[in-house]
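Spelled out, the chains give:
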Amino acid sequence: MMHCRAEALKKVASSSAPATKAELDAVVADAVDTALHNVADLLEGFWITHAGAKHRTEFALAVRVKDEEGKIIERIDVSPCLVDLPIGYWSWKDNFEGS
């Protein structure tokens, strides 16, 4: 997560100071896109993460369906999976901006 944040902040640091709200929005959007892309990489297992010398960690994104009492009745894993999340993110972004 620190890497995701650091990469986004690099985008901000390398940008010139925005003079208008539109320029500020563009700098912020670029930083957010970079952070989300890196989070998608993290959820795909692009970086090997560890929990001690002999254990690896894996981050997962899932949808959980609960009943009225809050008991989980279904879990759908979104990641890790066979879908390329970063490509999916950029595709969504392009479609979002075009609408």
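Keep in mind that what you see is a predicted model, and the values were worked out from it rather than measured.

What counts, and at which threshold
- Residues numbered from 1 in each chain as written.
- Predicted model: local features only at pLDDT ≥ 70, side-chain atom pairs only at ≥ 80, totals over all residues.
- Heavy atoms only, no water.
- Axes fitted to C-alpha atoms, helices over the stretch in contact; angles between N-to-C directions.
- Helix = DSSP H or I, 4+ residues; strand = E, 2+ residues; numbered from the N terminus.
- Parallel < 35°, antiparallel > 145°, perpendicular 65-115°, else oblique.
- Left-handed = near helix turned anticlockwise from the far one by under 90°.
- Contact = heavy atoms within 4.5 Å.
- Nonpolar A, V, L, I, M, F, W, Y, C, P; charged D, E, K, R; others polar.
- Phe/Tyr/Trp six-rings, centres within 6.5 Å; stacked < 30°, edge-to-face > 60°.
- Buried < 20%, exposed > 50% of the residue type's maximum accessible area, 1.4 Å probe, protein only.
- Expected span 1.5 Å × (residues − 1).
- Pairing = 2+ DSSP bridges.
- pLDDT = per-residue confidence, 0-100.

**Points about the packing of helix 1 (residues 2–13) against helix 2 (residues 21–44)**
Contact geometry of helix 1 with helix 2 gives a least axis separation of 8 Å together with a crossing angle of 155°. It follows from the interaxial angle that helix 1 and helix 2 lie roughly antiparallel. At the point where helix 1 passes helix 2, the crossing takes the right-handed sense. Counted together, His3, Cys4, Glu7, Ala8, Lys11 and Val12 of helix 1 and Val27, Asp30, Ala31, Thr34, Ala35, Asn38 and Val39 of helix 2 form the full contact between these two elements. Tallied by class, residues from the contact of helix 1 with helix 2 come to seven nonpolar, three polar and three charged.

**As for the packing of aromatic side chains**
Applying the stated rule across the entire model yields one aromatic pair. Residues phenylalanine 46 and tryptophan 47 carry aromatic rings whose centres are separated by 5.6 Å and whose planes lie at 80° to one another, so their mutual orientation is edge-to-face. Relative accessible area serves as the criterion here: at 58%, phenylalanine 46 is assigned to the exposed category.

**With respect to helix 2**
Its 24 residues give helix 2 an end-to-end C-alpha distance of 34 Å, which sits within 8% of 34 Å, the value for a rise of 1.5 Å per residue. For helix 2, the complete set of buried residues consists of Val27, Ala31, Asp33, Thr34, Asn38, Ala40, Asp41, Leu42 and Leu43. Phi turns positive, to about 85°, at glycine 45, one or two residues after helix 2.

**Digging into the side chain of aspartate 33**
Within the element layout of this structure, aspartate 33 appears in helix 2. Apart from residues no more than four positions distant in its own chain, aspartate 33 is found in contact with Tyr89, Trp90 and Lys93.

**Thoughts on the environment of alanine 6**
Along the chain, alanine 6 turns up in helix 1. For alanine 6, a relative accessible area of 35% gives the class partly exposed.

**Focus on the pairing of strand 3 (residues 61–66)**
Where strand 3 meets strand 4 (residues 72–79), six bridges bridge the pair, whose relative direction is antiparallel. Residue pairing for strand 4: leucine 61 is matched across the bridge by serine 79. Where strand 3 folds back on strand 4, the antiparallel hairpin that results is connected by five residues, among which glycine 70 adopts a positive phi of roughly 90°.

**So, the confidence of the model for the chain**
Per-chain confidence: the chain averages 86 in pLDDT, with 95% of residues scoring 70 or above. The least confident element of the chain is helix 3 (residues 85–98), whose mean pLDDT is 72; the most confident is strand 3, at 92.

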